[in-house]
Amino acid sequence: MGVLGPRSPRTGRREPVVVESFHRGLDVFRPVATVYAAFLAWQRHETMVRPWVAALVLGVMLAWSLGLLLYRRRSTRVVVVEVAIAVLGVLATLLAETPEAIAQGQFTIPTIWAAGSVAGGAVAAGARGGLLAAAVIAVADLIEVGSPTQTTVHNIVLLLLLGGLIGLAVDLARRGLEQEEQVLLERERLHERERIARVVHDGVLQSLAFIHRRGDEIGGPAAELSTLAAEQERSLRRFVSGTGAPDVPDGVADLRGVPGAETDLRHLLAVRERPDVAVSVPADPVLVDAPVAHEVDAAVAAALDNVERHAGPGARAWVLLEGDSAGIEVTIRDNGVGAELTDLLDASAHGRMGVSGSIRGRVEDLGGTVTWTTRPGGGCVVRMTVPRSVKERR
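On a predicted model such as this, the values are computed, not experimentally measured, just so you know.

Participant: What am I meant to see in the overall build of the protein chain here?
Facilitator: When you go through the protein chain residue by residue, the secondary structure sums to eleven helices and seven strands. Residues classed as buried in the protein chain amount to 40% of the 394 residues present. Intrachain contacts of the protein chain at a sequence separation of at least 6 include 68% that bridge at least 24 residues. Roughly 21,900 Å² of accessible area belongs to the protein chain as shown, and the carbon and sulfur atoms make up 60% of that amount.

Put into C-alpha cells, the structure is as follows:
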C-alpha cells in the first residue's frame, strides 16, 4: 500500500529515516576517513619499512569508499567485505611499520576507517551485527599490537560501544517502523471494512429490510420469507459492524471461558438479538474478564426471559451496551405491561428467583450494582453496572 512509503534502494525493504540517514552519513564518512588515514601515513612514510604496503591498503580503501557511492546495495556480503578490508588493513600495519613504532602505539593504516566498517555492520544488521564487527576488528587490533596497551583496550571499548549503540538504535527504529506499518495496515483494513459496510447498508440491508416489512404486511406464506429476511438482516448487520461472534479455528485454544482471559462482551450480547429483541453495542471492542462476560450475559438472558414471561404479548426489548475505563453498563428496556417496583423486588418471596438470583445475585457477585425502573403500563428498565475485571472488586 502506498501509505507505507517506498523501499530503500540500499536494503530493498522499507527502512526508518534514521537508518537511511546512517547510510548517507557513512557514504560521506568513508572517503573522508580515507583521506585522513592517507594524511597520517604520509606524515610518517619516511620511517616506514614498506611504505608501498600502506599505499596499497589506502588505494583499496579509497576504491571501496568511492565504489559504494555508486553501488547502493548494502547486503550482508558488502558488510563482510568491508570488515575484511579493515582487518587486512590493520594487519598490514605489521608489514609497513617497524616493531618499535607498533610497540609505541603507532596508528594502524586504516585508523578511524575501521570504525566505519563497525558502524556499517550495525546499520545493516543491528546490535548483533555491530558487536560482531567490533569484535572482529578488536581481534585484529590485538594481533597487530601483540601486547595490549591501555590505548588498544580503550579503542576496543569504543568500537564495542559504537557498534552496540548504533545497532540498538537501528533495531529500535526498525521495530517502531514495523509497529507503524501494522497500525497503518489495520487502519486501511478498517477503512475498507467501513466502505464495504456502507455499500452493504445502502444495498443489501435496505433490500432485506424492505422484504421484511412487505412480508409482514402481506402475511400468509410471505411471513416465512419475512422472518428469514429479518434473520439474515440481523446477521449481516453484526458481520459488517464486527460484532458477530467469531468461530474459533481448529488447533487454537478457545480462551473465552478461561479465567483471566479477556472476552469481547459484544460477541455474547449480539447473539441475543431476535425479532422482538434489538441489541446495540459500541463499534469498538468491549473487553472484560471472561467470567465477567459470561455472568453478565447470563444476567441479560435472565432479564430477557423475564420480558418474555411477564411483559405481555407483543412486547419488545432493547439491550444497550456501553463501556468506559471504569467498567461497563448494560441497559435492558421493554415496552411491556410493567409492574409495581415493590412487587418486582419481592418476587423471590413468591418463589420467582429471576430478579434476586439470576440478575441481582450475579451482578453483585461481580462487584457491580443493578437497578430497576418500572410502573404499571410503562414497561421496565434494568440497568447493570459492572467492573471490567474480577480483580477490580477486591
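Still to come is the rest of the account.
Participant: Honestly, the packing of helix 1 (residues 17-43) against helix 2 (residues 51-70) in this entry has me stumped. Any pointers?
Facilitator: Helix-helix packing: each pair is described by the crossing angle between the helix axes and the interaxial distance. Their axes nearest at 8 Å, the elements helix 1 and helix 2 cross at an angle of 165°. Viewed along their axes, helix 1 and helix 2 adopt a mutual orientation that is roughly antiparallel. The interaxial crossing formed by helix 1 with helix 2 has left-handed handedness. Side by side, helix 1 and helix 2 meet where Asp27, Arg30, Pro31, Thr34, Ala37, Ala38 and Ala41 of the first sit next to Leu58, Met61, Leu62, Ser65, Leu68 and Leu69 of the second. Taken together, the residues that form the contact of helix 1 with helix 2 break down as nine nonpolar, two polar and two charged.

Participant: Whenever I open this one, the environment of Gly89 confuses me. Can you help?
Facilitator: You can see Gly89 is positioned in helix 3 (residues 76-96). Each C-alpha atom, one on Gly89 and one on Thr108, is 7.6 Å from the other, the two residues being 19 residues apart in sequence.

Participant: Would you mind showing me how to read the pattern of salt bridges here?
Facilitator: Close approach of charged atoms allows side chains with opposite charge to pair. Tallying each qualifying case throughout the model produces eleven salt bridges. A salt bridge links Asp27 to Arg30; the shortest N-O distance between them is 3.1 Å. Taken together, the residues Asp27 and Arg30, both in helix 1 and three residues apart, mark about one turn of the helix. Classification of Asp27 by relative accessible area gives buried; the value is 9%. For Arg30, a relative accessible area of 4% gives the class buried. Within this structure, Asp27, Arg30, Arg74 and Glu82 form a network of salt bridges that share partners.

The rules we used
In every chain, residue numbers begin from 1 and rise along the written sequence. Owing to the predicted nature of the model, reporting of local features is limited to residues with pLDDT of at least 70; listing and counting of side-chain atom pairs is limited to 80 or more, with chain, interface and lining totals taken over all residues. With hydrogens and water set aside, each side-chain value is computed from the structure's full complement of heavy atoms. Strands here mean DSSP runs of E at least two residues long; helices mean DSSP runs of H or I at least four residues long; both are numbered from the N terminus. Under the scheme applied here, a residue whose accessible area is under 20% of the maximum for its type counts as buried, over 50% as exposed, and between as partly exposed, the area being computed with a 1.4 Å probe on protein chains only. Only heavy atoms enter the contact rule, under which two residues are in contact if any of them lie within 4.5 Å. Residue exposure ignores everything except the shown protein chains as possible cover, and the areas themselves are Shrake-Rupley values with a 1.4 Å probe. Every axis corresponds to a line fitted to the C-alpha atoms, with the helix fit spanning only the stretch in contact, and the corresponding angles, defined between N-to-C directions, vary from 0 to 180 degrees. Reported orientations rely on four angle classes, namely roughly parallel under 35 degrees, roughly antiparallel over 145, roughly perpendicular from 65 to 115, and oblique for the rest. Handedness of a helix crossing follows the sense of rotation of the near helix relative to the far helix, less than a right angle counterclockwise being left-handed and clockwise being right-handed. Classification used: nonpolar for Ala, Val, Leu, Ile, Met, Phe, Trp, Tyr, Cys and Pro, charged for Asp, Glu, Lys and Arg, polar for all others including Gly. Just to be clear on terms, a salt bridge is a Lys or Arg side-chain nitrogen sitting within 4 Å of an Asp or Glu carboxyl oxygen.

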